[in-house]
Amino acid sequence: MKFMKLGSRPDTFYSTETVRSVSSEVSSDLIIQVKGSRYLLHKFPLLSKCLRLQRLCSETPESTHVQIIQLPDFPGGVESFELCAKFCYGITVTLSAYNIVAIRCGAEYLQMTEEVEKGNLIYKIEVFLNSCILHGWRDSLTTLQTTKSFPVWSEDLGITGRCIESIASKVAANPTKVSLSHSYSRRGGRDDVHGSINGSLNGSELDHKSADRKGWWAEDLAQLGIDLYWRTMIAVKSSGKVPSSLIGHALRIYASKWLPNISKQFECDEVVASKHRLLLESIVSLLPIEKGEVSCSFLLKLLKAANILKASPSSKMELARRVGLQLEEASVGDLLIPFSNSSTAADDEIVYDVDVVITILEQFMLQGGQTPPTSPPRMKGGFDRRRRSRSAENVDLMFQESRRSSSASHSSKLKVAKLVDGYLQRVAKDYENLPMSKFIAIAEAIPEFSRHDHDDLYKAIDIYLKAHPELNKSERKRLCRILDCKKLSIESCMHAAQNEMLPLRVVVQVLFFEQARAAIAGGQMTDLPSNIKALLAGHKNPAKAAAAASFSTNSSAVQPEDQWSVSGINNNNKSTKSSNISTLKMKLDEEDDDLDERYSNGVEKSSKLKSFSMTPNRPRRMFSKLWPISRSASEKN
């Protein structure tokens, strides 16, 4: 750190209680009061260099030999004034990055300009500031930090702007010169900086040995307050020479230092919350516009903090939009965003903001459309490759690039579909008051082709039904409409066939497709009735799909008591069929009563019900066609 000494005389200032005086043979003729402190000084050395004191003395009548001047608003207080006074007496004064702002503001207040005397204090400070302070990284940063004590003066004198410009230029010119970093030097050259975002922002692990070396400036800048940090980062980004990944890295470091451990139990007064809110919104405004330059986990943690701190809707919407661009990187835990008004709920009640998750899913779907990837059009008339023109090759390259982009989008939707089903399982269990309409909205936010199987979705529906036994029959039917029974694995079908919470329509579909798969696996497809073959159209290879589908029973979102066990189901095929039939018969009896009531006035039956039975009062006849098993005389009746 650089410094400069002005003057050569020894320090002759001394204190007597609250009075500061100068040891001199000449008696004092000027008393200056600065914020409660009194200085007994002399007119000649001070007035010869301070234009403001000249004017004040001329305006104040000399009633006695000693003249008194009040300076209540002196910038920097007594420390700054005493340094300026010592310079006037020729006493040695040491300038450094720690006090140069205070002395510069004090000299400006006293008007110690070149008009009064050549080589005055303002001139010497400016020379030192421009030639030494602003040329060093540590000095520029330290000087910028001291400007927060004199914000108005520093702005008017251009000190803040010059420091920010100096820092930004050094970051842009030396992005890999880690030895410049003050924090790096204090660690003795070690590479391990912060490692991760602490507290509620305990984000993804950073690559220390590469990111910290290239972003050597990030931790140093994290010492700044949010106002100065925001302006400095804007200047760094405006240079256009710093990669967006390093900008994101710097923002993670800053968030780890200044954002508190925000959770549902986070409590603070409105003043502190307002500061945290301003800090969060400033970080959001600095996020790189490029996709993937900050991790999705970090963005979601910012969104959680924004919800708890009640940040502006624009900031939350911007975070939701950015999360939607890279949602495939998220985990179920990342999406568990506490509701902003959860403080009104009971202490043991978990309330999640599912609306923001729906918004994120909407933003995700906006980026890639809702159609599965298709192959590019083929060139007609297969020509000889040796005679292909350069333009034809360019067209092929364009098609290949388009196909890769479409495939990547489709792959993302497959990952997000798994993520959504896992999220539904979690909130269905933890969030007791989750409305069914929002559960359905989240499930339907992902297009149908994104789910290769519906096992995870069925598990989420099963958990929701168990957590909400008060649902009536129509509500359960509405909930189960999002389920495609053709995409259930054998294990899921076995569980669903015995699930008393499911509506009859779903159980019939499950048993139907289970029996159809069994017939196909046994090579008996030709023996199936024509209506079964028609309903199986579009589901080209259900046996292969059923074999490939795996039903995860060790999901972290489901507790042990909710794990499905199929032990005993496979032990006795005959008993399984009997159990399925008995379960179905009970549901058929209930459905008969319901149907008799619904159609007693001659109301026409729905087309969906017609697809499974020709007449509503004869469901057992349809059942006997689907499962050709020997029945007793009593069963036939």
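Draft legend 1. Region of the structure containing the overall build of the protein chain. From N to C terminus, the protein chain includes 30 helices and 7 strands. Residues classed as buried in the protein chain amount to 47% of the 637 residues present. In the protein chain, the proportion of contacts linking residues at least 24 apart, taken out of those at least 6 apart, comes to 72%.

Draft legend 2. Region of interest: the confidence of the model for the protein chain. When pLDDT is averaged along the protein chain, the result is 76, and 66% of the positions lie at 70 or above. Within the model, pLDDT remains below 50 along residues 373–395, and this stretch shows 12 contacts once partners closer than five positions in the same chain are excluded. Counting interchain partners and residues more than four positions distant, the pLDDT-below-50 stretch residues 535–577 has 57 contacts.

Draft legend 3. Structural context of the sheet that holds strand β2 (residues 13–16). Spatial ordering of the open sheet is given by β2-β3-β5-β4-β6, a layout of 5 strands whose pairing is mixed. Each end of this open sheet is capped by a strand with a single partner; those strands are β2 and β6 (67–70). Strand after strand, the sheet turns through a mean of 25° between neighbouring axes, direction not considered. Where strand β3 (residues 19–22) lies against strand β5 (residues 37–41), 3 bridges are found, and the strand directions are parallel. Residue pairing for β5: serine 21 is matched across the bridge by leucine 40.

Draft legend 4. View of the state of the cysteines. Throughout the structure, instances matching the rule amount to 0 disulfides. Left unpaired, cysteine 84 is separated from the closest cysteine sulfur, that of cysteine 88, by 7.2 Å.

Draft legend 5. Structural detail: the packing of helix α8 (residues 159–173) against helix α12 (residues 226–238). Across the interface, α8 lies against α12 with an axial gap of 9 Å and an inter-helix angle of 45°. One way to sum up the angle between α8 and α12 is to call them oblique. The crossing of α8 and α12 is right-handed. Facing α8, whose interface residues are Thr160, Gly161, Ile164, Ile167, Ala168 and Val171, α12 presents Leu228, Arg231, Thr232, Ala235 and Val236. The residue makeup of the contact of α8 with α12, split by class, is 7 nonpolar, 3 polar and 1 charged.

Draft legend 6. Main features of the side chain of glutamate 82. By secondary structure assignment, the location of glutamate 82 is in helix α3 (residues 77–89). Exposure remark for glutamate 82: the relative accessible area of 13% places this residue in the buried category. A polar side-chain atom of glutamate 82 sits 2.4 Å from a polar atom in the side chain of arginine 20. Setting aside residues no more than four positions away along its own chain, glutamate 82 makes contact with Phe13, Arg20 and Tyr39.

Draft legend 7. Region of the structure containing the packing of helix α21 (residues 455–467) against helix α23 (residues 490–497). Running from amino to carboxyl end, α21 crosses α23 at an angle of 25°, the nearest separation of the two axes being 10 Å. Considered as vectors, α21 and α23 are oriented roughly parallel to each other. Along this stretch, α21 crosses α23, giving a crossing that reads as left-handed. For the pair α21 and α23, the contacting residues are Asp455, Tyr458 and Asp462 in the first and Ser492, His495 and Ala496 in the second. Classifying every residue of the contact of α21 with α23 by side-chain character gives 2 nonpolar, 2 polar and 2 charged.

Draft legend 8. Structural view of the packing of aromatic side chains. Inspection of every chain in the model, using the stated rule, returns 9 aromatic pairs. On the basis of an interplanar angle of 85° and a centroid distance of 6.0 Å, the ring pair of phenylalanine 13 and tyrosine 89 is categorised as edge-to-face. Residue phenylalanine 13 is found in strand β2, and its partner tyrosine 89 is found in helix α3; the two are separated by 76 residues along the sequence. Its relative accessible area of 9% is what places phenylalanine 13 among the buried residues. Pairing phenylalanine 512 with phenylalanine 513 gives two aromatic rings, centres 4.8 Å apart and planes at 80°, and the pair type is edge-to-face. The pair phenylalanine 512 / phenylalanine 513 is uniform in exposure class, with both members buried. Joined through ring pairs, the aromatic side chains of Tyr39, Phe74, Phe81, Tyr109 and Trp153 make up one cluster.

Draft legend 9. Representation of α8. Its 15 residues give α8 an end-to-end C-alpha distance of 21 Å, which sits within 8% of 21 Å, the value for a rise of 1.5 Å per residue. Taken together, the buried positions of α8 are occupied by Ile159, Thr160, Cys163, Ile164, Ser166, Ile167, Ala168, Lys170, Val171 and Ala172. The inward-facing, buried residues of α8 abut α4 (100–110), α5 (121–131), α6 (137–146), α7 (151–156), α11 (218–221) and α12.

Draft legend 10. Broad picture of the nonpolar core. Leu71, Met112, Trp217, Tyr229, Leu327 and Phe439 are the most contacted members of the largest nonpolar core, which has 150 residues in total. The leading source of residues in this core is helix α15 (residues 296–309), at 9 residues. Residues contacting tyrosine 229, with those up to four places away along its chain left out, are Leu221, Ala222, Leu224, Ala250, Leu251, Tyr254 and Leu286.

Draft legend 11. Molecular detail of the pairing of β6. The alternating pattern of β6 places Gln67 and Ile69 on a buried face and Ile68 and Gln70 on a face that is not buried. Pairing between strand β4 (residues 30–34) and β6: 4 bridges, direction parallel. Among the inter-strand pairings, leucine 30 is bridged to a residue of β6, identified as glutamine 67.

Draft legend 12. Expanded view of the environment of leucine 134. For leucine 134, the location among the structural elements is in the loop between α5 and α6. For leucine 134, a relative accessible area of 11% corresponds to the buried category. A sequence separation of 37 residues divides leucine 134 from alanine 97, and the C-alpha atoms of the two residues are 9.5 Å apart. When residues no more than four places from it in sequence are discounted, the contact partners of leucine 134 are Leu129, Ser140, Arg162, Cys163, Ser166 and Lys170.

Draft legend 13. Just the pattern of salt bridges, in detail. Considering all chains together, one arrives at 21 salt bridges under this definition. The shortest N-O distance in the salt bridge between lysine 49 and glutamate 117 comes to 3.4 Å. Taken together, the residues span a long stretch of sequence, with lysine 49 in the loop between α1 (43–47) and α2 (51–59) and glutamate 117 in the loop between α4 and α5 at a distance of 68 residues. Here lysine 49 falls in the buried class, since its relative accessible area comes to 13%. Salt bridges here are not isolated pairs; linked through shared partners, they connect Asp11, Arg20, Glu82 and Lys86.

Parameters and conventions
- Residues numbered from 1 in each chain as written.
- Predicted model: local features only at pLDDT ≥ 70, side-chain atom pairs only at ≥ 80, totals over all residues.
- Heavy atoms only, no water.
- Helix = DSSP H or I, 4+ residues; strand = E, 2+ residues; numbered from the N terminus.
- Buried < 20%, exposed > 50% of the residue type's maximum accessible area, 1.4 Å probe, protein only.
- Contact = heavy atoms within 4.5 Å.
- pLDDT = per-residue confidence, 0-100.
- Pairing = 2+ DSSP bridges.
- Axes fitted to C-alpha atoms, helices over the stretch in contact; angles between N-to-C directions.
- Disulfide = S-S within 2.5 Å.
- Parallel < 35°, antiparallel > 145°, perpendicular 65-115°, else oblique.
- Left-handed = near helix turned anticlockwise from the far one by under 90°.
- Nonpolar A, V, L, I, M, F, W, Y, C, P; charged D, E, K, R; others polar.
- Polar contact = N/O pair within 3.5 Å; in protein donor to acceptor, adjacent residues only side chain to side chain.
- Phe/Tyr/Trp six-rings, centres within 6.5 Å; stacked < 30°, edge-to-face > 60°.
- Expected span 1.5 Å × (residues − 1).
- Core = buried A, V, L, I, M, F, W, Y, C linked by side-chain atoms within 4.5 Å.
- Salt bridge = Lys/Arg side-chain N within 4 Å of Asp/Glu carboxyl O.

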